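# Remarks on the overall topology
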Amino acid sequence: MTIISTWEISFQGVKIARDILKEGKSVEDAICGLINDIELNPDFHNVGYSGWPNEEGDVELDAAIMDGDTLSFGAVASMRNIKTPVSVARLLVGRPYDNFIVGDGALQFALENGFKSEELLTEPAKARWLQKIHDMTDLDKGHDTVGSVIASGGRVVAATSTSGLFMKRKGRVGDSPLVGPGLYADSEIGGATATGVGEDIMKGTLSFQIVNLMKSGMSPSEAAGKAVKDLHENLIRKNQKPRDFSVVCVNKEGEWGAASNRDEFPFVVCTGDEVEYYVSKDFGKVYEKRKNQYDI
Ligand code: GLY
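Anyway, here's the lowdown on the structure attached to this text. (Residues numbered from 1 in each chain as written. Predicted model: local features only at pLDDT ≥ 70, side-chain atom pairs only at ≥ 80, totals over all residues. Heavy atoms only, no water.)

### With respect to the packing of aromatic side chains
Scanning the model with the defined rule gives nine aromatic pairs in all. Ring geometry for W52 against F166: centres 5.4 Å apart, planes inclined by 45°, an arrangement best described as tilted. Pair noted here: W52 is in the loop between α2 (27-39) and β2 (61-67) and F166 is in the loop between β6 (155-162) and β7 (183-186), with a separation of 114 residues, a long-range link. Pair check on accessibility: W52 and F166 agree, each one buried. Seen in terms of ring centroids, W256 and Y287 are 5.1 Å apart; in terms of plane orientation they differ by 45°. Their pairing is tilted. With W256 in strand β10 (residues 256-260) and Y287 in strand β13 (residues 286-290), the pair connects residues that are 31 residues apart, well separated along the chain. (Phe/Tyr/Trp six-rings, centres within 6.5 Å; stacked < 30°, edge-to-face > 60°. Helix = DSSP H or I, 4+ residues; strand = E, 2+ residues; numbered from the N terminus. Buried < 20%, exposed > 50% of the residue type's maximum accessible area, 1.4 Å probe, protein only.)

Have a look at this one:
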């Protein structure tokens, strides 16, 4: 069993996923348990409840899940008022059509399936939005999307969830709900997922690219490093300034990799009992083990 997930905020969620798998439940139960833990945490502002709002002060959420056994997926985008969008996306997996639904259609589908409509904007997120409206010179946009991949019992499943970029335009959707850039899983090869600025991640179809590199024989760490470096360098060759993007991946044997064009990219891994927190440096050439503030 290997579980890998982006950012420090995944620490408790990875423990939850590990325990769900140990109870003999499904990989989907485990990956949604991991991501629900982050979606429901009011202190994590890039995912689910308490996510950063768009420029109009509304929280619009994106999420997806892909089943590597069938290549089927479920995805929602620009969905409001639902705290756990990855669980809504999960209900769309395996349908012949309607695998990706957005906006009011996604909310309606969630309500029809027993999800509660709730306010997602919390006081701290609203305060930051009001401050930003007041001071439009701060152009920093948060993008700590959760993306997770699990390889267990011959299956590979990937999933994502995000509130997208802070102060995004209403209706803007990034890479996270998109099969190809944001996530990809094929149980015969492995799975990958991305985090960072979706507009750049889409340009490299980053997650699919990593799975394809693993298919050609690369290890997960080689594939992650090459895909991130190639996209970074391609953008520079085309006179673009690359924004931040980072990836995690696992092959079907449970070997893992991570890479980023940031100086440091934190992620969490579990390959058995221990849940370990690492920082990836130098396009995935270096992994440094660190202590995690959420290890409680
Ligand atoms: N990677 C998240 C986004 O760009 O929305």
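So much for the structure itself; the text now carries on.
### Examining the packing of helix α1 (residues 11-22) against α2
Packing of α1 against α2 brings their axes to within 8 Å, and their N-to-C directions diverge by 155°. Judged on the interaxial angle alone, α2 and α1 are roughly antiparallel. As α1 packs across α2, the resulting crossing turns out to be right-handed. Between α1 and α2, the contacting residues are Q12, G13, V14, I16, A17, I20 and L21 on the first element and V27, D29, A30, G33, L34 and D37 on the second. Class assignment of the residues belonging to the contact of α1 with α2 gives a composition of eight nonpolar, three polar and two charged. (Axes fitted to C-alpha atoms, helices over the stretch in contact; angles between N-to-C directions. Parallel < 35°, antiparallel > 145°, perpendicular 65-115°, else oblique. Left-handed = near helix turned anticlockwise from the far one by under 90°. Contact = heavy atoms within 4.5 Å. Nonpolar A, V, L, I, M, F, W, Y, C, P; charged D, E, K, R; others polar.)

### Considering the pairing of strand β11 (residues 265-270)
Taken across its six residues, β11 has six buried, putting it largely inside the fold. Going residue by residue along β11, you find F265, F267 and V269 tucked away on one face and P266, V268 and C270 tucked away on the opposite face as well. As defined by bridge partners, strand β1 (residues 2-6) adjoins β11 across four bridges and the pair is classed as antiparallel. For S5, the partnering residue across the bridge sits in β11 and is V268. Relative to strand β12 (residues 275-281), β11 runs antiparallel, the two being bridged by six bridges. By the bridge assignment for β12, V269 is matched with E276. Where β11 folds back onto β12 in an antiparallel hairpin, the turn is made up of four residues. (Pairing = 2+ DSSP bridges.)

### What about unusual backbone geometry?
The phi torsion at S50 lies on the positive side, around 75°, for a residue other than glycine. Locating S50 in the fold gives a position in the loop between α2 and β2. The backbone of T205 sits at a positive phi, close to 40°, despite the residue not being glycine. Assignment of secondary structure puts T205 in the loop between α6 (198-203) and α7 (206-215). On the basis of relative accessibility, which here comes to 34%, the residue T205 falls in the partly exposed class.

### A look at the sheet that holds strand β8 (residues 190-196)
Spatial ordering of the open sheet is given by β7-β8-β9-β10, a layout of four strands whose pairing is antiparallel. Looking at strand neighbours, the two that pair on one side only are β7 and β10, the edges of this open sheet. Taking the axes of each pair of neighbouring strands and ignoring which way they run, one obtains an average angle of 10° across the sheet. Bridge count for β8 against strand β9 (residues 245-251) is seven bridges, and the pairing is antiparallel. In the strand pairing of β9, A192 is matched with C249.

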